[in-house]
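Notes for the structure review
Residue strings, one per chain:
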Amino acid sequence: MKVLVIGGGAREHALCRSLSLDPDVTALYCAPGNAGIAEVAELHPVDQLDGAAVAALATELGAELVVVGPEAPLVAGVADAVRAAGIPVFGPSREAALLEGSKAFAKDVMAGAGVPTARSYVCTTPAEIDEALDAFGAPYVVKDDGLAAGKGVVVTEDVEAARAHALACDRVVIEEYLDGPEVSLFAITDGTTVLPLKPAQDFKRALDGDEGPNTGGMGAYSPLPWADPKLVEEVLETVLQPTVDELRRRGTPFSGLLYAGLAITSRGVRVIEFNARFGDPETQVVLARLKTPLAGVLLNSANGTLDDQAPLSWSDEAAVTVVVASHNYPDTPRTGDPIEGLAEVAEQDAPHAYVLHAGTKRDGDAVVSAGGRVLSVTATGTDLAQARERAYAAVGRIRLDGSQHRTDIARKAAEA
C-alpha cells in the first residue's frame, strides 16, 4: 500500500514512524513533513489547506490511502476533495470535522446524543458574556468557538482575564468548571463501528506543577495506572458510540479519529471537548504501545470496513513523551536555532527512546527549530518510572539554545 500523510508535526512523525514499520506499506510519503519525517518518508511540498492540491498530489503519487493529520485541513474540507478523487482517506468530512471546528456544534451534537458534558452558554455579545460568567462563577472556563491550535481555552479565577479572552473571540463558549483529572481517549471509526485505543493523559500548561499558560501540550503518558479498568468500556458506551450514531443520524457520518477529552469528575465522566484527529502529544505515546500494524486499521476506517478489523494488539509497556519547546513558547517562539544531540540519542538511547520532530527543518547540514513545539522525546519502558527515566535521559542529550521543557511529565503517576 502506498500511503500519503498530510501534516508536518510530531503527531505526523509518530504516524509516519508507525506506518514505516508496517510491512504492508510499500511507499510512504508526507506533505509537507519536517526534518525528522524525512528520515522515514519521502517529502513533498503542498498547501495542506488546499484540498485540490492535496488530491492532485495523492493522484500523482498513486497513493492508496491518505491520512490527514492536523485539524485545520480537515475543517477546510481536504478529506472531501481526496474522497471526490476516488482515493480512500482517513479523516472526517468538513461537515463532520465541525465537531472540533465549532465548540457550539459539538455541544449541540452532545445534547442530541445524550453525552455527559459541562453545562454551557454560547455567547456573541458582551451582555451574554457577563451573564454567563456571573452564572457559573470562578473558576471561569472560556473557549473560543473556533480552531485555536490548543490555545483557545482560558481557565482562570480572574473574571477580568476571562472577560478579556471572551471579548477577543467572535463567538465563545463559557461553561462550568469540571473538577478531577483529565484523560484523552482516541477511537478509530468508520461512521458506524467504533474502535477505542488506549487512554493517555497530556499536560497542557507550560510549566511544572500545571502552572503557566495553556499550550498545545507539553508531554503525555500511557497507560493510566490510576484509572478505572472499565473506563474505556464506559466511555465507548456513553460517549463515543452515541456521538458517532448521532452524527450518522444527522446525515454527517464521522469517519476517522474521534478524540474525546474527558474529565473524571466527582459526578462521573464528562466530555470537555472533542477533536476530529489524533491528538498531539498523546499520539506519540499511544502509537508507541500499539503492536497491530497501523495502515490496515486506517484503511478499514476509510473504506467503511472496520467491523472486519481483528482486535487490536497492545504492548504491556508504558510510554512517556516530553516536549522540547522553543524560547518564548507559547507566545511568539524564537526559531532558526540549531538542534544538537539528535545523533547521540539515536546512538545511545534507541530503541527504547527516540525523537519525534515537530517544528524542525533542514538548514544545510543542520537541523534547526522552526516552530513553538520543536521535538517530542518519546520513550518506552516496563513501567512509567522506567519510561520517564529513559525519556528524560534522552532530553538531557539535546541542546537547543533557550529551549524549555517540563520536568514533571508522568511523575505523579509513576510514583503512585
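For the structure itself, look to the data block above.
Let me sum up the structure you'll find in this document. The structure displayed is predicted, hence computed values, not measured ones. (Residues numbered from 1 in each chain as written. Predicted model: local features only at pLDDT ≥ 70, side-chain atom pairs only at ≥ 80, totals over all residues. Heavy atoms only, no water.)

On to the pattern of salt bridges, then. Scanning the model with the defined rule gives 25 salt bridges in all. For Arg171, the salt bridge is made with Asp145, and the minimal N-O distance between the two is 3.2 Å. Taken as a pair, Arg171 in the loop between helix 8 (159-167) and strand 9 (172-175) and Asp145 in the loop between strand 7 (140-144) and strand 8 (153-156) lie far apart in primary sequence, 26 residues in all. Classification of Arg171 by relative accessible area gives partly exposed; the value is 34%. The class of Asp145 is buried, set by a relative accessible area of 9%. Residue Lys204 is joined to Asp202 by a salt bridge in which the shortest nitrogen-to-oxygen separation is 3.1 Å. We classify Lys204 as partly exposed; its relative accessible area is 25%. Within the structure, one salt-bridge network assembled from shared partners comprises Arg11, Glu12, Glu71, Glu100 and Arg277. (Salt bridge = Lys/Arg side-chain N within 4 Å of Asp/Glu carboxyl O. Helix = DSSP H or I, 4+ residues; strand = E, 2+ residues; numbered from the N terminus. Buried < 20%, exposed > 50% of the residue type's maximum accessible area, 1.4 Å probe, protein only.)

Our next topic: helix 7 (residues 126-136). Among the residues making up helix 7, those that are buried are Ile129, Ala132, Leu133 and Phe136. End-on view of helix 7: buried residues confined to an arc of 100°, all on one side of the axis. Among the exposed residues of helix 7, those oriented more than 90 degrees off its buried face are Ala127, Glu131 and Asp134. Among the residues trailing helix 7, Gly137 stands out with phi positive, at a value near 70°. (Arc of directions from axis to C-beta.)

The next subject is the sheet that holds strand 9. Here 4 strands make up an open sheet; going across it, the order is 6-9-7-8 and the pairing antiparallel. Of all strands in the sheet, those with a lone pairing partner are strand 6 (120-123) and strand 8, marking the two edges. Each strand axis lies, on average, 20° off the axis of its neighbour in the sheet, ignoring direction. Alignment of strand 7 against strand 9, held across 4 bridges, turns out to be antiparallel. Paired with Lys143 across the two strands is Val173, which belongs to strand 9. Sitting on the sheet, helix 6 (residues 103-113) touches strand 6, strand 7 and strand 9, and the angle it makes with strand 9 is about 50°. Together, strand 6, strand 7 and strand 9 form the strand contacts of helix 7, whose direction differs from that of strand 6 by roughly 165°. (Pairing = 2+ DSSP bridges. Axes fitted to C-alpha atoms, helices over the stretch in contact; angles between N-to-C directions. Contact = heavy atoms within 4.5 Å.)

Time to look at helix 5 (residues 94-101). Along helix 5, the positions that sit buried rather than exposed are Ala96, Ala97, Leu99, Glu100 and Gly101. Packed against the buried residues of helix 5 are helix 3 (71-75), helix 6, helix 9 (231-249), strand 16 (256-265) and strand 17 (268-275).

Turning our attention to the pairing of strand 20 (residues 353-357). Most of strand 20 sits inside the fold, with 5 of its 5 residues counted as buried. Of the two faces of strand 20, the one lined by Ala353, Val355 and His357 and the one lined by Tyr354 and Leu356 are each fully buried.

Right, let's get into the environment of Leu133. If you trace the backbone, Leu133 turns up in helix 7. When residues no more than four places from it in sequence are discounted, the contact partners of Leu133 are Tyr140, Val142, Val159, Ala162, Arg163 and Ile174.

Turning next to the packing of aromatic side chains. Scanning the entire structure with this criterion turns up 5 aromatic pairs. Plain terms: the ring middles of Phe186 and Tyr259 are 5.2 Å apart, the flat faces sit at 35° to each other, and that makes the pair tilted. Here the residue Phe186 occupies a position in strand 10 (residues 182-189), and Tyr259 occupies one in strand 16, the gap between them amounting to 73 residues. In terms of burial, Phe186 and Tyr259 fall into one category: buried. Take Phe186: its relative accessible area is 1%, and that puts it in the buried class. Members of the aromatic cluster, joined through ring pairs, are Phe90, Phe186, Tyr259 and Phe278. Sitting above the plane of the Tyr354 ring, Arg17 keeps its charged end 3.7 Å from the centroid. In this arrangement the basic side chain of Arg277 is found over the ring face of Tyr259, its NZ or CZ atom lying 6.0 Å from the centre. (Phe/Tyr/Trp six-rings, centres within 6.5 Å; stacked < 30°, edge-to-face > 60°. Lys NZ or Arg CZ within 6 Å of the ring centre and 35° of its normal.)

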